[in-house]
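# Analysis of the macromolecular model
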Amino acid sequence: MTPSGNAMPEIPNKTPLMGLKVYIAIGVLLLIVVAIVLLIFICIRRNRRSTKRRMRVKHSSGTIPLVSKEIVEVKDLDLTQDCEQAELKIENVDTKKKKEEAQAEVKVDIGRRGKGGGGETDVSGGNRSEVPVDDPNIGWGRWYSLNELELATHEFADQNVIGEGGYGIVYRGVLQDGSVVAVKNLLNNKGQAEKEFKVEVEAIGKVRHKNLVGLVGYCAEGARRMLVYEYVDNGNLEQWLHGDVRPVSPLTWDIRMRIAIGTAKGLAYLHEGLEPKVVHRDVKSSNILLDRKWNAKVSDFGLAKLLGPEKSYVTTRVMGTFGYVAPEYASTGMLNEASDVYSFGVLLMEIITGRSPIDYSRAPGEMNLVDWFKGMISSRRSDELVDPLIEIHPSPRSLKRALLVCLRCIDSEVTKRPKMGQIVHMLEADDFPYRSELRIVREKENVPSQSVVSGKVSYPPRHVESVDRSRWR
Ligand SMILES: Nc1ncnc2c1ncn2[C@@H]1O[C@H](COP(=O)(O)OP(=O)(O)OP(=O)(O)O)[C@@H](O)[C@H]1O
């Protein structure tokens, strides 16, 4: 009884929940909540590691359009279904914290370092500097001390940030000799990332081609790992295709084709001009940098792996970008240059249409660029594929040429995809597509799209297949 004489409501001994006692039911509920919170936490942590950061462009040029959204990378195949789905979402990520951590690490490093720079012990367990300070030249490039790069970037100042990718922040820097460089400060460079850094340096250090962004040096001091690239001063293709350039894109049809051919030449050199060959593994518009004359330079070999003598390389991670990744690569991890060819096909579709490979803001039938593109060709609406921001339409022949190359690149039969060298030839040849191929395409335009891309269109003449590397230079 209460002091006022009211009867105290009795706490039921058992709950309706399977007749469990109250405290047991509460305990069970608490356990479930904790488990859910733990699951969400694990998903978010995995998602963060592979989430691509929002691009920030401060230095390329005031006229370079900013892209308002990003495509998230698909990285670990072994993630749970839920985590995979989370990775595919378009989302914004706050990069500030990571950057502050990186800057803090750099400062600690500088504090520990003697005036001479290299040669110190890495307290975090990393290696000592691999190149002696008194011999900075390394054949293909130069070893830079942290001090030099710190000076070049004003201590990695905010205003020198060009952008940020999956592997770190990129800074604009001016070296003491006045040359401008892009310094990629690799984050999380312990363990796997450190290995990737070394592969990257070995693989690309000696590679020189006018359509590839050249590595001019690197820094490996204490735990710090940085790559120093030639600076390309007109932004990247993604910004120009998807940034705010209305009402008319500065990328005319001819400029677009020039960019496509340059990109194809750069990739052809990686695939066919080097021994061992190099597969890029992340061909996409944000990795195509542009100079003021709209020359394309393929960047970011951070994901590249050297191919050995075997035809393909099985990898446990899919490291391409969602929307560009070849279906067989995504599902099996089998990797060879044909997966780059597929991605190039998607990139060419993007160049022609001005549409992103995956765009959730579009109608359901148009979200996936490849599916929509094939559907439009099947329904004889190829004219409508051209980016409406292109003022002067391409000639029918030029358009057909580009469309045909797209279809050939995304052939579901991997072995039927053309080589990058052939693609260069197809895109450059005024007389391509040849009469017979035009007829075949016309015939196929009315049948299901899969047939159009099933390799029935014949390859260019045999002589293209013989290695004529001078064509790609
Ligand atoms: N050599 C360079 N010259 C000028 N800008 C560059 C250079 N390298 C990279 N950038 C710019 O820096 C930004 C980040 O590039 P980064 O290659 O790190 O990432 P990303 O290509 O956007 O993504 P990911 O790492 O997933 O490939 C991009 O805006 C890119 O255009």
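Scoring rules and cut-offs
Residues numbered from 1 in each chain as written. Predicted model: local features only at pLDDT ≥ 70, side-chain atom pairs only at ≥ 80, totals over all residues. Helix = DSSP H or I, 4+ residues; strand = E, 2+ residues; numbered from the N terminus. Contact = placed C-beta atoms within 7 Å. Buried ≥ 20, exposed ≤ 12 C-beta atoms within 10 Å, placed from the backbone. Near = placed C-beta within 6 Å. Nonpolar A, V, L, I, M, F, W, Y, C, P; charged D, E, K, R; others polar. Arc of directions from axis to C-beta. Pairing = 2+ DSSP bridges. pLDDT = per-residue confidence, 0-100. Core = buried A, V, L, I, M, F, W, Y, C linked by C-beta atoms within 7 Å. Axes fitted to C-alpha atoms, helices over the stretch in contact; angles between N-to-C directions. Left-handed = near helix turned anticlockwise from the far one by under 90°. Parallel < 35°, antiparallel > 145°, perpendicular 65-115°, else oblique.

A few words on the overall build of the protein chain. Secondary structure assignment for the protein chain yields 14 helices and twelve strands. Partitioning the intrachain contacts of the protein chain with sequence separation of at least 6 by distance along the chain shows that 66% fall at a separation of at least 24.

Before going further, it helps to examine the environment of Lys400. Looking at where Lys400 falls in the secondary structure, it is placed in helix H11 (residues 396-409). On the neighbour-count criterion, Lys400 (18 C-beta atoms within 10 Å) is partly exposed.

Time to look at the site of the ligand. Residues in close proximity to the ligand total 25 residues, the closest being Gly163, Gly165, Val170, Ala182 and Tyr229. Those elements that place two or more of their residues in the shell around the ligand are strand S2 (161-165) and strand S4 (180-186). Here the element with the most residues in the shell around the ligand is S2; it accounts for four residues. Of the residues contributing to the shell around the ligand, the split by class is eleven nonpolar, eight polar and six charged.

Moving on to helix H10 (residues 369-378). Count 3.6 residues to each turn of an α-helix, and residues three or four apart come out pointing the same way. Of all the residues in H10, the buried ones are Leu369, Val370, Phe373, Lys374 and Ile377. For H10, the arc enclosing every buried residue in end-on projection is 125°, short of the 170-degree limit, so these residues lie on one face.

Turning to the sheet that holds S2, a few remarks are in order. Spatial ordering of the open sheet is given by S1-S5-S6-S4-S3-S2, a layout of six strands whose pairing is mixed. Two strands bound the open sheet, and with one partner strand each, they are strand S1 (142-143) and S2. Where strand S3 (residues 168-174) meets S4, seven bridges bridge the pair, whose relative direction is antiparallel. Paired with Gly168 across the bridge in S4 is Leu186.

In the predicted model, the protein chain carries a mean pLDDT of 73, and 61% of its residues have values of at least 70. The secondary structure element of the protein chain with the lowest average pLDDT is helix H2 (residues 81-88), at 30, and the one with the highest is strand S8 (residues 288-290), at 98. Low confidence marks residues 1-8, where pLDDT is under 50. Its contacts with residues over four positions away, or in another chain, come to three contacts. Long-range and interchain partners of residues 304-313, a stretch whose pLDDT sits below 50, account for 26 contacts in this model, where long-range means more than four residues apart. Scored by ipTM, the complex comes to 0.97, with pTM at 0.69.

Turning next to the nonpolar core. In this structure, Leu348 and Cys406 are the most contacted members of the largest nonpolar core, which totals 81 residues. Here this core gets ten residues from one element, more than from any other, and that element is helix H9 (residues 337-353).

What follows concerns the pairing of strand S5 (residues 215-221). In terms of burial, S5 is a largely internal element, six of the seven residues being buried. Bridge count between S1 and S5: two bridges; the pairing is parallel. By the bridge assignment, Trp143 is partnered in S5 with Tyr218. Relative to strand S6 (residues 224-230), S5 runs antiparallel, the two being bridged by six bridges. Looking across to S6, one finds that Ala220 is bridged to Arg225. Hairpin connection from S5 to S6: two residues lie between these consecutive antiparallel strands, with Gly222 at a positive phi of about 55°.

With that out of the way, let us pick up the packing of H9 against H11. For any two helices packed against each other, the geometry is given by the interaxial angle and the distance between the axes. At a minimum axis separation of 8 Å, H9 and H11 run at an interaxial angle of 150°. For the pair H9 and H11, the sense of crossing is left-handed. On H11, the residues touching Val341, Tyr342, Phe344, Gly345, Leu348, Met349 and Ile352 of H9 are Ala402, Val405, Cys406 and Cys409. Split by residue class, the contact of H9 with H11 holds ten nonpolar, one polar and no charged.

With that out of the way, let us pick up the packing of H9 against H10. Across the interface, H9 lies against H10 with an axial gap of 10 Å and an inter-helix angle of 65°. The orientation of H9 with respect to H10, classified from their angle, is roughly perpendicular. Taken as a pair, H9 and H10 cross one another with a handedness that is left-handed. From H9, Val346, Met349, Glu350 and Thr353 reach across to H10, where they touch Leu369, Val370 and Phe373. Its residues placed into classes, the contact of H9 with H10 shows five nonpolar, one polar and one charged.

This next bit is on the pairing of S2. With four of five residues buried, S2 is to be regarded as a mostly interior element. Note that S2 and S3 share four bridges and pair antiparallel. Among the inter-strand pairings, Gly163 is bridged to a residue of S3, identified as Val170.

This part covers the environment of Gly262. Among the secondary structure elements, Gly262 is positioned in helix H7 (residues 253-272). As a C-alpha pair, Gly262 and Ile288 span 26 residues in sequence and 9.6 Å in three-dimensional space. In this view, Gly262 contacts Asn211, Asn295 and Ala296; residues no more than four positions away in its chain are not counted.

What follows covers the environment of Tyr167. Its location among the elements puts Tyr167 in the loop between S2 and S3. Among the residues examined, Tyr167 registers 23 C-beta atoms within 10 Å and is labelled buried. When the C-alpha atoms of Tyr167 and Asn185 are compared, they prove to be 8.1 Å apart, with 18 residues separating the residues in sequence.

In this structure, the amide linkage connecting Arg246 to the following residue, Pro247, adopts the cis form with an omega of 5°. Of note, Pro247 is situated in the loop between helix H6 (237-242) and H7. Residue Pro276 is bonded to the preceding Glu275 through a cis peptide linkage, with omega at 0°. Of note, Pro276 is situated in the loop between H7 and strand S7 (278-279).

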